[in-house]
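Listed below, chain by chain, are the residues.
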Amino acid sequence: MNKKKKPFLGMPAPLGYVPGLGRGATGFTTRSDIGPARDANDPVDDRHAPPGKRTVGDQMKKNQTADDDDEDLNDTNYDEFNGYAGSLFSSGPYEKDDEEADAIYAALDKRMDERRKERREQREKEEIEKYRMERPKIQQQFSDLKRKLAEVTEEEWLSIPEVGDARNKRQRNPRYEKLTPVPDSFFAKHLQSGENHTTVDPRQTQFGGLNTPYPGGLNTPYPGGMTPGLMTPGTGELDMRKIGQARNTLMDMRLSQVSDSVSGQTVVDPKGYLTDLNSMIPTHGGDINDIKKARLLLKSVRETNPHHPPAWIASARLEEVTGKLQVARNLIMKGTEMCPKSEDVWLEAARLQPGDTAKAVVAQAVRHLPQSVRIYIRAAELETDIRAKKRVLRKALEHVPNSVRLWKAAVELEEPEDARIMLSRAVECCPTSVELWLALARLETYENARKVLNKARENIPTDRHIWITAAKLEEANGNTQMVEKIIDRAITSLRANGVEINREQWIQDAEECDKAGSVATCQAIMRAVIGIGIEEEDRKHTWMEDADSCVAHNALECARAIYAYALQVFPSKKSVWLRAAYFEKNHGTRESLEALLQRAVAHCPKAEVLWLMGAKSKWLAGDVPAARSILALAFQANPNSEEIWLAAVKLESENNEYERARRLLAKARSSAPTARVFMKSVKLEWVLGNIAAAQELCEEALKHYEDFPKLWMMKGQIEEQKELVEKAREAYNQGLKKCPHSIPLWLLLSRLEEKVGQLTRARAILEKSRLKNPKNPDLWLESVRLEYRAGLKNIANTLMAKALQECPNSGILWSEAIFLEARPQRKTKSVDALKKCEHDPHVLLAVAKLFWSERKITKAREWFHRTVKIDSDLGDAWAFFYKFELQHGTEEQQEEVRKRCENAEPRHGELWCDVSKDIANWQKKIGEILVLVAAKLKNTF
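Fair warning: this is a prediction, and the values are worked out from it, not measured in the lab.

This next bit is on the overall build of the protein chain. Regarding its fold elements, the protein chain presents 49 helices and two strands. Per-residue burial over the protein chain gives 33% buried out of 941 residues. Within the protein chain, contacts between residues separated by at least 24 positions form 50% of all contacts whose residues are at least 6 apart in sequence. By element, 53% of the accessible surface of the protein chain is carried by carbon and sulfur atoms, the whole surface being about 61,200 Å².

Quick look at the structure:
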């Protein structure tokens, strides 16, 4: 390839390039550009032209006026609203009234435009959004890939190769820039060939050749280029042996500098080497010029005002930062001479000096400032021996006996007995220090502690902590009846001394008492301050918030005290009793819950839920007769209550008293007939195997309650169980005529058709259901799954896209959409799902399953925890969580999930309901259902 070939040949021209511009070949025109050149006075081609049109100039003027006068009245120039493009009256004069009219029209246009502005802007916004959705930018199309850049680590980023050079290899690596080491043979060969030229022909020197008499020639008395060295005298060869020896000597010298003097090994000490390196690196991050300026400024400050301590401290710190520690020490010592009464300068000097010197500096400081507490504390810190520390602090207390800080530091070093003696002296010297009084009270016996606290109250009548400590002391010694009196007296005394009772601070003190185990004190404080500073109408709301706050801070006794006080004030409020009952259920014992519920039903006998909670608590404890008696009392208080009838039926059926349950239901149907009572009657006969009786009851129920969809479902399912497909289909269709908005009925009919192989009919049923119930995610989900089960994945994906357009905030659809995607796209889909449905349990569960499929165990567990926390009623989440722990967790973790699930008592979830509502599992407990659902799950995601 020709080296002189221009590199730009064959490449596209740069932007804005004009050929020939560099050599001036632009900007000229030719005859062909402008036509024949004619003067304005030249005659025209028409010999018989009329006057006024005989020259070129005349014709140009005529054409111009014609253009101005002639209006374009062509159809293409006509607008239905505005008329012709040109103004009809443009030739007329424009007067003042025309100007006024135009201004009025302009104002009207502006007003009309303002009225339509909001609608127009909204429409434009929608059009832009629609356009963006149909034609997304390239930037948006690559958003998922850009999102992944967040996961790129710094090492991966740095390992990305640089952009390659577009030039070819020869241009990138020119030959003349390559440096190749020359072999030794090359030197040797050329030395041999150059032997003939090592001497000069004497004839050349006759005419002032190389051997010149002038100084500065080659053959001079000074050492020149031909020295004994690489080329030994007598031979023209290169002595390689000497080069090797020189190199070895140099290496030996370098290694001997870092060699170990003991063993002679050439091993560099890495710590010493790094220390040397660190000492060479400046520790400051600023510019050297800034350092110089700062040094100059501080010097001028010191010289102007040598008795200004901050100037000396700043100067010393500047030198310390720049690594000049000795200069810093010298400066600060000079500062101590100039400012001997400055605490800060002495402390800075002690900090900068090494151990023993620092002690000497502190001793000197004490002589100048014998009342400085900080210097004494620093002196104690410098001592390493405990006895020396004690000695320093005792010496300090001789000089400064009223310093609380010094007393506290001294007491901390003593044994309890010595500390008690010191504190008794300390409270004499510092009678206003609450901490010292309380510390002394803790170390004293009960009787002495009472005396100490009484003295403390006399000295400091405005501090609440002394009163609270006194109450704690009485409680610890069994005098609980005194606690209430002490707290009441405290409130009265503090108010008498002008102290404002801050409710929040007292509640915080009560929480601390609760955590310390002083239950009586905590409850007494709560009772005393809970009503302070609250409006009457805000009491209930504020107290419930306080109770929740105490539970959140794990101060359960405080919360219990708040509920007890609230129930005294509002004994007939059902909501307060319920909150208190739930609190006892979650955080208390069974006995405390039952005691509370007994009081609750006495005050609120019409609250069915309280009766039912009491009966359930007895039943769970195995005391069935007590549960029956509670329900009997509930019947007396609430005759013909559906809830209590059904609770009694459940109690009997769960304990295998089927005849009792039947009699109860028959009684309920006659005295309090409701759709639910009939439904429970049908279900009881069905689960006991009396299909005929169940069908008979179902027909009777449908005569009264034909718009209750669950009865139609049960009728159809009984027919399905008997394998009578036609009758089941008829039952579902009749039900849908009466209840067209019942989603489970549509789903049951669709699944029945799918089961018998009528895929087209199932599809048609689902389409019809979606028309009757638009924007229903469950129907869309069933449609997608129907296609997926049939193997038509493309149609399933299309349907899912439509579903998400119609129900963009449906978590159940997004969770399914995540697993419809191929594995690489699932993560991106999950991010989109979380954006749309951040707190939806189905989406959170899908993300947890996604992490599980990627074997990210810790993250998966964390997301399972989030899911069950957000919605503890979703049985599917508990089942997946339990299955996950069975595979990856310990036995303790599995047991914990099972217990939490039993406490939550989930009732919903697609997979959960399939198992829990199965006739075969009707007597199964929550824990057993959890195990069954988990066993049915498969890791196919």
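Here we come to the packing of helix 43 (residues 823-836) against helix 44 (residues 841-853). Two elements in contact, helix 43 and helix 44, have axes whose closest approach is 10 Å; the angle formed by their N-to-C orientations is 155 degrees. Regarding the angle of helix 43 to helix 44, the classification is roughly antiparallel. Handedness of the helix 43/helix 44 crossing: left-handed. Counted together, Arg823, Arg826, Lys827, Ser830, Ala833 and Leu834 of helix 43 and Val843, Leu844, Val847, Leu850 and Ser853 of helix 44 form the full contact between these two elements. A breakdown of the residues in the contact of helix 43 with helix 44 according to their chemical character gives six nonpolar, two polar and three charged.

Covalently bonding the sulfur atom of one cysteine to the sulfur atom of another cysteine gives a disulfide. Overall, the coordinates contain zero disulfides when judged by the stated rule. No disulfide involves Cys522; its nearest neighbouring cysteine sulfur is the one of Cys558, lying 3.4 Å away.

This next bit is on the packing of aromatic side chains. Scanning the entire structure with this criterion turns up seven aromatic pairs. Pairing Trp852 with Phe884 gives two aromatic rings, centres 5.4 Å apart and planes at 85 degrees, and the pair type is edge-to-face. Note that Trp852 is positioned in helix 44 and Phe884 in helix 46 (residues 875-888), a separation of 32 residues in sequence. Residue Trp852 shares its accessibility class with Phe884, and that shared class is buried. Here Phe864 and Phe881 contribute two aromatic rings whose centre-to-centre distance is 5.3 Å and whose plane-to-plane angle is 10 degrees, an arrangement assigned as stacked. Of this pair, Phe864 sits in helix 45 (residues 857-870) while Phe881 sits in helix 46, placing them 17 residues apart in sequence. Residue placement shows Arg866 over the ring face of Trp863; its charged tip is 4.2 Å from the ring centre.

Okay, the nonpolar core next. Within the largest apolar cluster, 49 residues are counted, with the highest numbers of intra-cluster contacts made by Trp506, Ile525, Met526, Val529 and Trp543. When contributions to this core are tallied by element, the ones reaching two or more residues are helix 22 (464-476), helix 23 (480-496), helix 24 (503-516), helix 25 (519-529), helix 26 (539-552), helix 27 (556-569), helix 28 (574-587) and helix 29 (590-603). Excluding residues within four positions of it along the chain, Trp543 makes contact with Arg503, Ile530, Gly531, Ile534, Ile562, Tyr565, Ala566, Val569 and Phe570. Grouped together as the second largest cluster of nonpolar side chains are 48 residues, Ala803, Ala879, Phe880 and Phe884 included.

A cluster of like positive charges, contributed by Lys650, Lys680, Lys683, Lys710, Arg907 and Lys917, occupies part of the molecular surface. With respect to the helices, strands and loops of the structure, Lys917 is situated in the loop between helix 48 (910-916) and helix 49 (926-936).

Quick look at the side chain of Arg729 now. Mapped onto the elements of the fold, Arg729 is located in helix 37 (residues 725-738). Discounting residues that sit within four places of it in the chain, Arg729 has contacts with Leu749, Leu752, Glu753, Val756 and Arg761.

In a regular helix each residue adds 1.5 Å, so 13 residues correspond to 18 Å; helix 12 (residues 309-321) covers 19 Å between its end C-alpha atoms and thus fits that length. Contacts from the buried residues of helix 12 go to helix 11 (288-304), helix 13 (325-338) and helix 14 (343-352). One or two positions beyond helix 12, positive phi appears at Gly323, with a value near 90 degrees.

It is worth spelling out the packing of helix 26 against helix 27 at this point. Where helix 26 contacts helix 27, the axes come no closer than 8 Å and their chain directions differ by 160 degrees. In this view, helix 26 runs roughly antiparallel relative to helix 27, as classed from their interaxial angle. Crossing hand, helix 26 versus helix 27: left-handed. Counted together, Arg539, Trp543, Met544, Asp546, Ala547, Asp548, Cys550 and Val551 of helix 26 and Cys558, Ala559, Ile562, Tyr563, Tyr565, Ala566 and Val569 of helix 27 form the full contact between these two elements. For the contact of helix 26 with helix 27, a count of residues per class yields 12 nonpolar, no polar and three charged.

Turning our eyes to something else, we now look at a negative patch on the surface. A cluster of acidic residues, Glu95, Asp97, Glu99, Glu100 and Asp102, forms a negative patch on the protein surface. Secondary-structure assignment places Asp97 in helix 3 (residues 96-134). Assessed through its relative accessible area of 46%, Asp97 is described here as partly exposed.

This part covers the environment of Trp922. Along the chain, Trp922 falls in the loop between helix 48 and helix 49. Judged by relative accessible area, Trp922 falls into the partly exposed class, the value being 22%. Once the C-alpha coordinates of Trp922 and Lys683 are considered, the two residues, 239 residues apart in sequence, prove to be 9.7 Å apart.

A few words now on unusual backbone geometry. One non-glycine residue, Glu723, adopts positive backbone phi at about 65 degrees. Of note, Glu723 is situated in the loop between helix 36 (709-721) and helix 37. Despite not being glycine, Arg855 shows a phi value in the positive range, around 65 degrees. Structurally, Arg855 can be placed in the loop between helix 44 and helix 45.

Counted under the stated rule, the structure contains 29 salt bridges. For Glu124, the salt bridge goes to Arg120, with nearest N and O atoms at 3.8 Å. Here Glu124 pairs with Arg120, and both are found in helix 3, just four residues apart, close to one helical turn. According to the relative accessible area criterion, Arg120 is partly exposed, its value standing at 25%. A salt bridge links Glu706 to Lys738, with the shortest nitrogen-to-oxygen separation between them at 3.6 Å. Taken together, the positions of Glu706 in the loop between helix 35 (691-704) and helix 36 and Lys738 in helix 37 put the pair 32 residues apart, joining distant regions of the chain. Given a relative accessible area of 38%, Glu706 falls into the partly exposed group. Its relative accessible area of 43% is what places Lys738 among the partly exposed residues.

Moving on, we get to a nonpolar patch on the surface. A cluster of nonpolar side chains, Leu149, Val152, Trp157, Leu158 and Ile160, forms an exposed patch at the surface whose accessible area comes to about 530 Å². Among the secondary structure elements, Ile160 is positioned in the loop between helix 6 (154-158) and helix 7 (169-172). Taking the relative accessible area as the measure of exposure, Ile160 reaches 45% and is therefore partly exposed.

The next thing to look at is the environment of Asn797. When you line up the elements, Asn797 lands in helix 41 (residues 793-806). Here Asn797 falls in the partly exposed class, since its relative accessible area comes to 36%. Between the alpha carbons of Asn797 and Val784 there is a distance of 7.5 Å; along the sequence they are 13 residues apart.

Here we take up the confidence of the model for the protein chain. Summing up the model confidence of the protein chain, the mean pLDDT is 74 and the portion of residues at 70 or higher is 71%. Low pLDDT, under 50, characterises residues 203-237; the stretch is placed with 18 contacts to residues that sit more than four places away or in other chains. A low-confidence stretch, residues 260-266 (pLDDT under 50), is modelled with four contacts involving residues beyond four sequence positions or located in other chains.

Turning our eyes to something else, we now look at the environment of Arg763. If you trace the backbone, Arg763 turns up in helix 39 (residues 759-772). The spatial distance from the C-alpha of Arg763 to the C-alpha of Glu782 is 9.6 Å, given a sequence separation of 19 residues. When near neighbours in sequence (up to four residues on either side) are disregarded, Arg763 contacts Leu786, Glu787 and Leu792.

Among all positions in helix 49, only Ile926, Gly927, Ile929, Leu930, Val933 and Ala934 are buried. Along the long axis of helix 49, the arc covered by the buried residues comes to 160 degrees, so they all point the same way. Counted as exposed and oriented over 90 degrees from the buried face of helix 49: Ala935 and Lys936. In this structure, the buried side of helix 49 is in contact with helix 46, helix 47 (891-904) and helix 48.

Conventions used here
Residues numbered from 1 in each chain as written. Predicted model: local features only at pLDDT ≥ 70, side-chain atom pairs only at ≥ 80, totals over all residues. Heavy atoms only, no water. Helix = DSSP H or I, 4+ residues; strand = E, 2+ residues; numbered from the N terminus. Buried < 20%, exposed > 50% of the residue type's maximum accessible area, 1.4 Å probe, protein only. Contact = heavy atoms within 4.5 Å. Areas by Shrake-Rupley, 256 points an atom, 1.4 Å probe, with all protein chains shown as cover. Axes fitted to C-alpha atoms, helices over the stretch in contact; angles between N-to-C directions. Parallel < 35°, antiparallel > 145°, perpendicular 65-115°, else oblique. Left-handed = near helix turned anticlockwise from the far one by under 90°. Nonpolar A, V, L, I, M, F, W, Y, C, P; charged D, E, K, R; others polar. Disulfide = S-S within 2.5 Å. Phe/Tyr/Trp six-rings, centres within 6.5 Å; stacked < 30°, edge-to-face > 60°. Lys NZ or Arg CZ within 6 Å of the ring centre and 35° of its normal. Core = buried A, V, L, I, M, F, W, Y, C linked by side-chain atoms within 4.5 Å. Patch = residues over 30% accessible without salt bridge, like charges linked within 9 Å, V, L, I, M, F, W, Y side chains within 5 Å. Salt bridge = Lys/Arg side-chain N within 4 Å of Asp/Glu carboxyl O. Lys, Arg positive; Asp, Glu negative; His and termini not counted. Charge placed at Lys NZ, Arg CZ, Asp CG, Glu CD. Expected span 1.5 Å × (residues − 1). pLDDT = per-residue confidence, 0-100. Arc of directions from axis to C-beta.

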